[in-house]
Amino acid sequence: MALHEIVRRVTTHVLHEMKLKQEKIAMLTAYDYSIARIIDEAGIDVVLVGDSASNVMAGHETTLPITLDEMIYHAKAVVRAVKRALIVVDMPFGTYQGNSIEALSSAIRIMKETGAHCVKVEGGSEVIESVDRILSAGIPVMGHLGLTPQSIHKFGTYVVRAKEEKEAQKLVEDAHMLEEKGCFALVLEKIPADLAAQVASELKIPVIGIGAGLNVDGQVLVLHDMLGITQEFSPRFLRRYHNLYAEIKGAVESYISDVRTLEFPNEKEQY
Ligand code: KIV
């Protein structure tokens, strides 16, 4: 029997076992109780309380503005809903770069106040001191390399990363460094599929891709993108499983029309 069919609670250990057994890991984002409950009951392995909440929940252009308090608010709601999946919380921009003591206290706040299981940080050698210190407190850390949206102003664009040899080499070195320090998994975003496959085969920890091809240990998407709630964002890697924007809009238009034409409520819908 496949591991995902028998585990009652997904842990970092389960993810390692899944990699060993070559079972793919399915990960999605969630930021609130109701959606987290649905995706957990559907059988998702990992729920990421992503800082993409800054875009899809708060309407900011980038992930930079979201605060630690806001991430904690979202994570608490998700934790109340999820019974099976592993819950990872993004550490927001400015809470772990450049100061490992502040990084540890931010990670401790996330763990203590939300009840989530792990944190995720973006970057390699630049943040390794923070990663090391967070891990020293027994907090599991997921790495994130490739396109790291918190550095968007440094990159200046959301194009595919690590196409050039030098950047690819640094990414491979960073991936190994994060594994050696003790990260339990790694996200690779928007990099060439061959490079992602190389990293996944060289590392023992699970590598989860987003725009990183098929030959990694699992996939992650932003829920609002794969459900078609967001309209303007359509990179090549995004598969839309639904057009929820149109569904919701259609339902709301029907409701408005029913209210205006006295079709709602009817006799059975009143006391
Ligand atoms: O914040 C987020 O949703 C993420 C995913 C894109 C991996 O980091």
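The rules behind these values
- Residues numbered from 1 in each chain as written.
- Predicted model: local features only at pLDDT ≥ 70, side-chain atom pairs only at ≥ 80, totals over all residues.
- Heavy atoms only, no water.
- Patch = residues over 30% accessible without salt bridge, like charges linked within 9 Å, V, L, I, M, F, W, Y side chains within 5 Å.
- Areas by Shrake-Rupley, 256 points an atom, 1.4 Å probe, with all protein chains shown as cover.
- Salt bridge = Lys/Arg side-chain N within 4 Å of Asp/Glu carboxyl O.
- Buried < 20%, exposed > 50% of the residue type's maximum accessible area, 1.4 Å probe, protein only.
- Near = heavy atom within 4 Å.
- Polar contact = N/O pair within 3.5 Å; in protein donor to acceptor, adjacent residues only side chain to side chain.
- Nonpolar A, V, L, I, M, F, W, Y, C, P; charged D, E, K, R; others polar.
- Phe/Tyr/Trp six-rings, centres within 6.5 Å; stacked < 30°, edge-to-face > 60°.
- Lys NZ or Arg CZ within 6 Å of the ring centre and 35° of its normal.
- Helix = DSSP H or I, 4+ residues; strand = E, 2+ residues; numbered from the N terminus.

1. Brief notes about a nonpolar patch on the surface
- Among the surface-exposed residues, Ile248, Val252, Tyr255, Ile256, Val259 and Phe264 lie close enough to one another that they form a single nonpolar patch of about 500 Å² accessible area.
- By relative accessible area, which is 36% here, Val259 ends up partly exposed.

2. So, the site of the ligand
- Taken together, Thr29, Leu48, Gly50, Asp51, Ser52, Asp90, Lys120, His144, Glu189, Ile210 and Val222 form the complete shell of residues around the ligand.
- In the environment of the ligand, an oxygen atom lies 2.5 Å from a nitrogen or oxygen atom belonging to the side chain of Ser52.
- In the model, an oxygen atom of the ligand is placed 2.9 Å from a nitrogen or oxygen of the Lys120 side chain.
- Contact with the protein chains covers 95% of the free accessible surface of the ligand, which is 260 Å².
- Its residues assigned to classes, the shell around the ligand shows three nonpolar, four polar and four charged.

3. Considering the packing of aromatic side chains
- In total, this model carries one aromatic pair according to the counting rule given.
- In this structure, Arg161 packs its charged tip against the face of Phe155, placed 3.9 Å from the ring centre.

4. Some points on the pattern of salt bridges
- Taken as a whole and judged by the stated rule, the model has 11 salt bridges.
- As a salt-bridge pair, Asp132 and Lys181 come within 3.7 Å of each other at their nearest N and O atoms. Pair noted here: Asp132 is in helix α7 (residues 128–136) and Lys181 is in helix α9 (residues 165–181), with a separation of 49 residues, a long-range link.
- In this structure, Lys170 engages Asp174 in a salt bridge whose closest nitrogen and oxygen atoms are separated by 2.5 Å. Pair noted here: Lys170 and Asp174 are both in helix α9, with a separation of four residues, about one helical turn.
- Looking at Asp174, the relative accessible area reads 5%, which means it is buried.

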